[in-house]
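So the chains spell out like this:
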Amino acid sequence: MPPKKRNSGTQKDLIKPGAEAGSQSDKKESPVLSLKKHRDKDTEFVIFCKNLHVSDLVCEQTWKLCKTIQETVTEEVEGRAKLWGACLFVTVTDLDATCFTLTQLLKAINMNVKGFLGFVRKLDVNLDTISTKVNAAVMRLEKKYDVTLALYQRFEKTCKNIFVLGLNDGNRELARNCWTLFLLAKGKALQMEDDLVISFQLLLCAMEYFIKRCPADLLQPLYKSAITVQSPPTRTSRRSQNKTKARPPEPELDVQLLDTLSKENECNAEEVKNVYQTSFTAFLESLHLSKSIDLPQVNILNQQYEEHYLKERDFDARLFFDGDETIFAPKTEITQMEKTPKKNLQEDDAVRVPPQTPIRAAMTSIQQLRGDLVSNGDKPSTNLNIYFKNCTVDPTQNVLKRLEILGQTFSQRFCQAVGPRLISTGKQRYTLGVRLYYKVMEAMLKSEEERLSVQNFSKLLNDSKFHTSLLACALEVVMATYGESSFKSGGSGESSESNLCFPWILDVFELAAFDFYKVIESFIKAEPSLSKDIVKHLETCENLIMEKIAWLPGSPLFDLLKLEQEAPVETPASLNQPLQHNHTAADLYLSPLRPGIRILPPESTATPSAQAPASAPASAPASAPASAPASAPASAPTQVAAQPSRHAKSNSLSLFYKKLYRLAYTRLKMLCSYLLSFHPELEPIIWTLFQHTLQYEHELMKNRHLDQLMMSAMYAIAKVKGVDLRFKTIVTAYKNMPNTKQETFKQVLISEGNYDSIIVFYNQVFMQRLKTNILQYASPRPPTLSPIPQIPRSPYKFPNSPLRVPGSNNVYISPMKNTRMSPGIMTPRSRMLVSIGESFGLSNRFQMINQMVNSSDRSYKRTLDLGPSLKPLKRLRFDVDGQDEADGSKSSGDSTLIQKLAEMSSTRSRMQEQKMKEDAELKKD
């Protein structure tokens, strides 16, 4: 029954001494490769290693890895040099014995960065060829490369707008030196070189430094006029010259020029000035460039960057200027999403939508966030103060004191992660987070007041965990908007101080993931201006908490489970009910406070058989008591017969498990579709075992991942049902699922402090714990199957998304946008957009719309080409009062824009009414 662990001499077996032992032995060896020791190897391979100055140990280990891969791979690897280079990269990374840079290796095998890193990933044929350490190094290089490429593309485009003759020969050398200065500044000032926003702000600082030192005749009028004119030096006597020298130098920063650069690049000028005055000025002083009025010497910049590049041992980013084949992938910089339709567009009538590059997307998101918070102060609003004053115990002083303490902690930890001089940048991020925290709190309290008809929220507003969680969520939104927070994907040994990835914010505030989880859904519903990307980010945070983070040792989740162990935390029979609930963050943070009540129908009695879970063992309790509705006051009279519960019921735990089951089944269903499409009867059986494990053996989740139990349950059922399904096959398919990491199946907790592969976990832990239960599925009387959870659509709706008018292919309606949002930013971009109440441009646009709407025989293309060669397209279909043009009904011939807008308004009203009815039905459910 247990699978045999494959022992094929993989990289993990080859490097037994470990990284530290490898490094020590490598240091004892001669750095010069001895050809005599490697006569048994391919001569060209040995010469390849010698040219890259590797040691004898590295050469030996690389050769073994190459042979292992060649014996295991079924398809022929293209090019021996590529395989040698990839295996060499894997070996030196595992042994911490790198003696060459990535660029030197790429030139030796004639590959580019992206192609090489992708090739390294493909080597993981046995699933343990690439260690978590190598995987972390690959991901770090990929992210750094993507950020640097985006910065270079924006830099090159901006330089063409700065110089009169663009990037001709002379200007190109000037721009090259500016780029080198920026790379050097980024390497010295930032610890997180893959931070796109701060790196871009640093790039603008470097450009300001060069522009004001360029000859004026090289600059475009915009930048020439932006430079602050300095008064020419006047003659002074020798006696006064000494006094002049003793004066402090004039401020180095040209505010007007930096403002112009920031405005042209859609960047917040205050944030750029802050980076200049803290990090960039300190960098200039370290190179003795701050007081110089001349351009820096090229040889000094190159020498300094060369030292940094050789120390980092990654790619030489100066090569972007040369179009070097090792740094540039094939020309796919502009993806299909970035292209703007230009066909048949006349120059005067074209709606110019700029490509959505990474930097433009980041700047747009930041502008939207800052714009949404511009009216929110750093202190509680008048309405929020009223809520505070209505409390039995006024929380105002505790709120302010807590924000002050957490603000100091956040700024210091931000500084430690990003760069030593960026503490003020951390304070700026924190200020935005506080504004969002106040805004969302006020919206939550207003919603609770409408729901419960009360104004005294003393218990909630004096709950420190609620405030800390709400603030942490606001800061996570801010950092995700700035692109600083994603999700940890490196090795388990990665320091939490080296990045801002979620759950970094939980560590900073010493906040339990289970407490943070309680606020996420209410936060999203209370702040409708959140973008789709941010909502998706928070939803992923919630999933990560349910999958793993909430199950870490010391989590309050285990305390709740211990209190609830007398009864199932969630009856399987309720899994087929929709995931709609009335629980808000207030309910979850105050739970369990209301006593659990078993609700009985009038004139009926409850029988144990009616209450028993479908798949519960005979020893399981009869039922879990149902909690009182969250919206019902505690003192409300009960309309039905009730019996007191044996214990308090936790709303937060019940909802957590309900969401956990749906997440678990969704992922299981996806994996089954990959592997068991010919055995659909196994899916409900696997789910029954999986659900049983989560409900009754939840100790197996401690310090482990949800997907580890999922894969183990799948293997176990396949084994007892006689289906040939190996763990390697399961893991190979699992890697293709979204939001997966190789650590999930390579580093599984076996015992305290002992980690191994998913196979070892199954053999030594999972099967031993569930052996009796697993074997029941091979018996003539298997356990009753658990009902399949009903998978609803995501509770996180996007009210700001454009909605298509029913019956129409080309007409979309979206809520009124902020006046600062231009039509070019609204979607869908391929359509012509009208924003009532906003300047639309030329008057002939309205004539064009009238002609388009009035056309009864054919519609205009989305390009609105008014030429004679119009091609017939599908008829526009307006669903007005249940009638449709496609059914033969005709509207009046004198249709105008006003009529059509009225029809659109009518449609919007009906859609809103329908939405309100749906929401009312969901609340009722």
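Before reading further, recall that the structure is shown in the block above.
Chemist: So, helix α5 (residues 80–95): which residues are in play, and what are the values?
Modeler: Compared with an ideal rise of 1.5 Å per residue, which puts 16 residues at 22 Å, α5 spans 22 Å between its outermost C-alpha atoms and is within 8% of the ideal. Of the residues one or two after α5, Asp-96 is the one with positive phi, at around 50°.

Chemist: Talk me through the packing of helix α14 (residues 269–286) against helix α19 (residues 423–452); I want residue IDs and the actual numbers.
Modeler: Relative orientation and spacing of two packed helices are given, respectively, by the angle between their axes and the distance between those axes. Running from N to C, α14 and α19 point in directions that differ by 160°, and their axes come no closer than 9 Å. If you check the angle between α14 and α19, you find them roughly antiparallel. Each of Glu-270, Glu-271, Asn-274, Val-275 and Thr-278 in α14 lies in contact with α19, whose residues at this interface are Ser-424, Thr-425, Gln-428 and Arg-429. Split by residue class, the contact of α14 with α19 holds one nonpolar, five polar and three charged.

Chemist: An account of the nonpolar core is needed here, citing residue identities and associated values.
Modeler: Ranked by internal contacts, the top residues of the largest apolar core, which has 237 residues, are Phe-116, Phe-280, Phe-509 and Phe-523. Look past the residues within four positions of Phe-523 in its chain and what remains in contact with it is Leu-436, Val-440, Met-444, Leu-470, Cys-473, Ala-474, Val-477, Leu-530 and Leu-538.

Chemist: Would you mind going over helix α7 (residues 113–122) in detail, with residue names and values included?
Modeler: Looking only at α7, the buried set comprises Val-113, Phe-116, Leu-117, Phe-119 and Val-120. The buried residues of α7 occupy an angular sector of 155° when projected down its axis, which confines them to one face. Those residues of α7 that are buried are in contact with α5, α6 (102–109) and α8 (132–162).

Chemist: So what's going on with the packing of aromatic side chains? Which residues, and what values?
Modeler: In total, this model carries 43 aromatic pairs according to the counting rule given. Ring centres of Phe-280 and Phe-283 lie 6.0 Å apart, and the angle between their planes is 40°; on these two criteria the pair is classed as tilted. With Phe-280 and Phe-283 both in helix α14, this residue pair falls three residues apart, about one helical turn. Residue Phe-283 is classed as buried on the basis of its relative accessible area, which comes to 4%. Ring geometry for Tyr-437 versus Tyr-438: centroids 5.2 Å apart, planes at 45°, classification tilted. Tyr-438 sits in the buried class, given a relative accessible area of 3%. Among the aromatic residues, those joined into a cluster by ring pairs are Phe-514, Tyr-517, Trp-551, Phe-558, Phe-656, Tyr-657, Tyr-661, Tyr-665, Trp-687 and Phe-690. In this structure, Arg-213 is placed above the aromatic ring of Tyr-209, and the distance from its NZ or CZ to the ring centre is 3.8 Å. Positioned over the ring face of Phe-558 is Lys-702, at 4.7 Å from the centre of the ring.

Chemist: Which residues make up the pattern of salt bridges, and what are the values?
Modeler: Inspection of the entire model under this criterion finds 34 salt bridges. When the shortest N-O distance is used, the salt bridge between Lys-41 and Asp-40 registers 3.4 Å. Judged by its relative accessible area of 6%, Lys-41 is buried. The class for Asp-40 is exposed, based on a relative accessible area of 58%. Among the ionic pairs, Asp-316 bridges to Arg-318, the shortest N-O distance being 2.9 Å. What makes Asp-316 buried here is its relative accessible area of 8%. The buried category is assigned to Arg-318, whose relative accessible area is 14%.

Chemist: Before we move on, can you summarise the environment of Asn-456 with the specific residues and values?
Modeler: Inspection of the secondary structure assignment puts Asn-456 in the loop between α19 and α20 (458–461). When the C-alpha atoms of Asn-456 and Asn-390 are compared, they prove to be 5.4 Å apart, with 66 residues separating the residues in sequence. Within polar-contact distance, the side chain of Asn-456 engages the side chain of Thr-392 at 2.9 Å. Reaching out from Asn-456, the side chain makes a polar contact with the backbone nitrogen of Ser-458 at a distance of 3.1 Å.

Chemist: If you had to explain the environment of Glu-683 to someone new, which residues and values would you point to?
Modeler: Checked against the element boundaries, Glu-683 lands in helix α29 (residues 682–696). Overall, Glu-683 belongs to the buried group, its relative accessible area being 15%. Through-space distance from the C-alpha of Glu-683 to that of Leu-671 is 9.7 Å; in sequence the pair is twelve residues apart. When sequence neighbours within four positions are dropped, the list of residues in contact with Glu-683 reads Tyr-665, Leu-668, Lys-669 and Cys-672.

Chemist: Could you give me a rundown of the pairing of strand β3 (residues 748–751), with the residues and numbers involved?
Modeler: Bridging between β3 and strand β4 (residues 754–756) involves three bridges; their strand directions are antiparallel. For Ser-751, the partnering residue across the bridge sits in β4 and is Asn-754. Remark: two residues form the turn of the hairpin made by β3 and β4, two consecutive strands paired antiparallel; Gly-753 in that turn has positive phi of roughly 80°.

Thresholds applied
- Within any chain, residue numbers begin from 1 and follow the written order of that chain's sequence.
- Residues qualify for local features only when their pLDDT is at least 70, as the model is predicted, and side-chain atom pairs are given and counted only at 80 or more; totals for whole chains, interfaces and linings, by contrast, use all residues.
- Side-chain descriptors were evaluated using all non-hydrogen atoms of the structure, hydrogens and water having been removed beforehand.
- Numbering of helices and strands runs from the N terminus; a helix is a DSSP stretch of H or I covering at least four residues, while a strand is a stretch of E covering at least two.
- Working rule for helices: expected span equals 1.5 Å times residues minus one.
- All axes here are fitted lines through C-alpha atoms, helices being fitted over the stretch that makes contact, and every angle between N-to-C directions spans 0 to 180 degrees.
- These descriptions rest on fixed angle ranges, namely under 35 degrees for roughly parallel, over 145 for roughly antiparallel, 65 to 115 for roughly perpendicular, and the rest for oblique.
- Here, residues are in contact when the closest pair of their heavy atoms is within 4.5 Å.
- Each residue is assigned to one class: nonpolar for Ala, Val, Leu, Ile, Met, Phe, Trp, Tyr, Cys and Pro, charged for Asp, Glu, Lys and Arg, and polar for all the others, Gly among them.
- Think of a nonpolar core as a cluster: buried Ala, Val, Leu, Ile, Met, Phe, Trp, Tyr and Cys residues, connected wherever their side-chain atoms sit within 4.5 Å.
- Summary of the burial criterion: residues with accessible area below 20% of their type's maximum are buried, those above 50% are exposed, and those between are partly exposed, where the area comes from a 1.4 Å probe applied to protein chains only.
- The directions considered for the arc are those from the helix axis to the C-beta atoms.
- Aromatic pairs are defined between Phe, Tyr and Trp rings, using the six-membered ring for Trp, whenever the two ring centres lie within 6.5 Å; interplanar angles under 30 degrees are classed as stacked, those over 60 as edge-to-face, and all others as tilted.
- Here, a charge over a ring is recorded when the distance from Lys NZ or Arg CZ to the ring centre is within 6 Å and its angle to the ring normal is within 35 degrees.
- Between Lys or Arg on one side and Asp or Glu on the other, a salt bridge is scored when a side-chain nitrogen of the former is within 4 Å of a carboxyl oxygen of the latter.
- Polar contacts here mean pairs of N or O atoms no more than 3.5 Å apart (in protein, one a potential hydrogen donor and the other a potential acceptor; neighbouring residues in sequence count only if both atoms are side-chain atoms).
- Between any two strands, pairing holds if DSSP finds at least two bridges.

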